Amino acid sequence: MTFEPQIPNWGDEYKSYTEKLKNYHDWLCTTGINTGLISRKSSQFIWDEFIVHSLYFGKILNNIENNEQNIYDLGTGGGIPGVPVAITNQNKLFTLVDISESRVFELQRLKKILNLENVEIFNGNANLVLKSNNTYISRCFISSKDVLKNLKQLENVTYIVSSNGEELNEQKEMFHVKQEKFTINSTNIRHIDVINVR
Ligand SMILES: C[S@@+](CC[C@H](N)C(=O)[O-])C[C@H]1O[C@@H](n2cnc3c(N)ncnc32)[C@H](O)[C@@H]1O
């Protein structure tokens with residue numbers, strides 16, 4: 001099926017990675033669907049919703065004051081958003097975390113197929129890697145409200161999480177939240193919350 005590997009203007013810096021991103025997109029459209037990592041969708045949907053949406057997590061990571069060299073993608077499923085972000089940011093190590101053994105098995109194969117040197121894969125509960133002084137990304141795994149609950153006991157954490165754009169009314173003395181709104185194509189808007197524990 002044909003599709004347009006478009007990237008909105010905010011992502012001009014990622015256009016040079018289009019071929020590598022297309023290789024991952026091919027894998028999602030074939031192995032990803034055949035092994036149940038993602039549901040059957042059009043090639044364009046998979047590009048816009050998974051690849052382009054993920055790139056915005058990387059854009060946020062590049063714009064925050066963040067010296068962490070290791071970023072954790074919690075509930076990564078088929079590697080979303082961790083894989084597109086790792087492809088376009090090779091200076092950091094990305095740990096893809098998922099509780100499902102079968103998903104992790106496929107991700108380990110993907111790492112070899114795409115030669116993803118800055119990606120490691122951890123099979124286990126996300127709670128096991130949720131610690132102070134770390135940076136996390138998550139798409140469609142946890143709500144922003146639950147992130148706030150989970151981070152209460154931690155310090156110096158940045159958690160970048162897909163959201164529905166609703167207001168959080170967070171405790172301002174405990175958290176700083178920035179809500180980002182961006183396009184994934186010519187018609188659809190998505191939201192990501194950037195949550196910092198003070
Ligand atoms: C809805 S999928 C989202 C996958 C991917 N982030 C995406 O945007 O397509 C949620 C993923 O979280 C994983 N998961 C569920 N509970 C988990 C837990 N406690 N720790 C780690 N992963 C978990 C599931 O196996 C699944 O792959």
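Below, the structure is looked at part by part. (Residues numbered from 1 in each chain as written. Predicted model: local features only at pLDDT ≥ 70, side-chain atom pairs only at ≥ 80, totals over all residues.)

## A look at unusual backbone geometry
For the bond from Ile80 to Pro81, the omega torsion is 10°, close enough to zero to count as cis. Looking at where Pro81 falls in the secondary structure, it is placed in the loop between β1 (70-74) and α3 (82-88). Non-glycine residue Asn133 carries a positive phi angle of around 65°. Structurally, Asn133 is set in the loop between β3 (119-123) and β4 (135-138). The phi torsion at Asn156 lies on the positive side, around 50°, for a residue other than glycine. (Helix = DSSP H or I, 4+ residues; strand = E, 2+ residues; numbered from the N terminus.)

## Overview of the site of the ligand
Neighbouring the ligand are 14 residues; Gly75, Gly77, Ser100, Ala126 and Arg139 lie closest to it. Tallied by class, the residues present in the shell around the ligand amount to six nonpolar, five polar and three charged. (Near = placed C-beta within 6 Å. Nonpolar A, V, L, I, M, F, W, Y, C, P; charged D, E, K, R; others polar.)

## With respect to helix α1 (residues 18-34)
With 17 residues, α1 extends 23 Å between its outermost C-alpha atoms, agreeing within 8% with the 24 Å of an ideal straight helix rising 1.5 Å per residue. The largest bend in α1 comes to about 35°, at Leu28. When we look at burial in α1, the residues that qualify are Leu21, Tyr24, His25, Trp27, Leu28 and Gly32. The secondary structure elements touched by the buried residues of α1 are α2 (43-63), α3 and α4 (101-114). Remark: Gly36 follows α1 within two positions and exhibits a positive phi of approximately 80°. (Expected span 1.5 Å × (residues − 1). Bend = angle between axes of the 7 residues up to and from the residue. Buried ≥ 20, exposed ≤ 12 C-beta atoms within 10 Å, placed from the backbone. Contact = placed C-beta atoms within 7 Å.)

## Topic: the packing of α1 against α4
To characterise two packed helices, one gives the angle between the axes of the helices and the distance between these axes. Running from amino to carboxyl end, α1 crosses α4 at an angle of 145°, the nearest separation of the two axes being 11 Å. Crossing hand, α1 versus α4: right-handed. Packed against α1, whose contacting residues are Asn23, Tyr24, Trp27 and Thr31, the element α4 presents Glu106, Leu110, Ile113 and Leu114 at the interface. The residue makeup of the contact of α1 with α4, split by class, is five nonpolar, two polar and one charged. (Axes fitted to C-alpha atoms, helices over the stretch in contact; angles between N-to-C directions. Left-handed = near helix turned anticlockwise from the far one by under 90°.)

## Focus on the nonpolar core
With 47 residues, the main nonpolar core has Phe57, Val83, Ala86, Val119, Tyr159, Ile160 and Ile195 as its most contacted residues. Tallying contributions element by element places α2 first for this core, with nine residues. When sequence neighbours within four positions are dropped, the list of residues in contact with Phe57 reads Pro81, Val85, Ile137, Ile160 and Ile192. (Core = buried A, V, L, I, M, F, W, Y, C linked by C-beta atoms within 7 Å.)

## Topic: the sheet that holds β1
Strand order in this open sheet of seven strands is β3-β2-β1-β4-β5-β7-β6, and the pairing throughout is mixed. If you trace the sheet from one side to the other, it starts and ends with β3 and β6 (175-183), each paired once. Each strand of the sheet is rotated relative to its neighbour by a mean of 20°, with strand direction disregarded. Two strands pair when backbone bridges link them, and strand β5 (residues 158-163) and strand β7 (residues 189-197) are joined in this way by six bridges, in the antiparallel orientation. Paired with Ser163 across the strands is His191, a residue of β7. Relative to the sheet, α2 contacts β1, β4, β5, β6 and β7, its axis offset from that of β7 by approximately 35°. (Pairing = 2+ DSSP bridges.)

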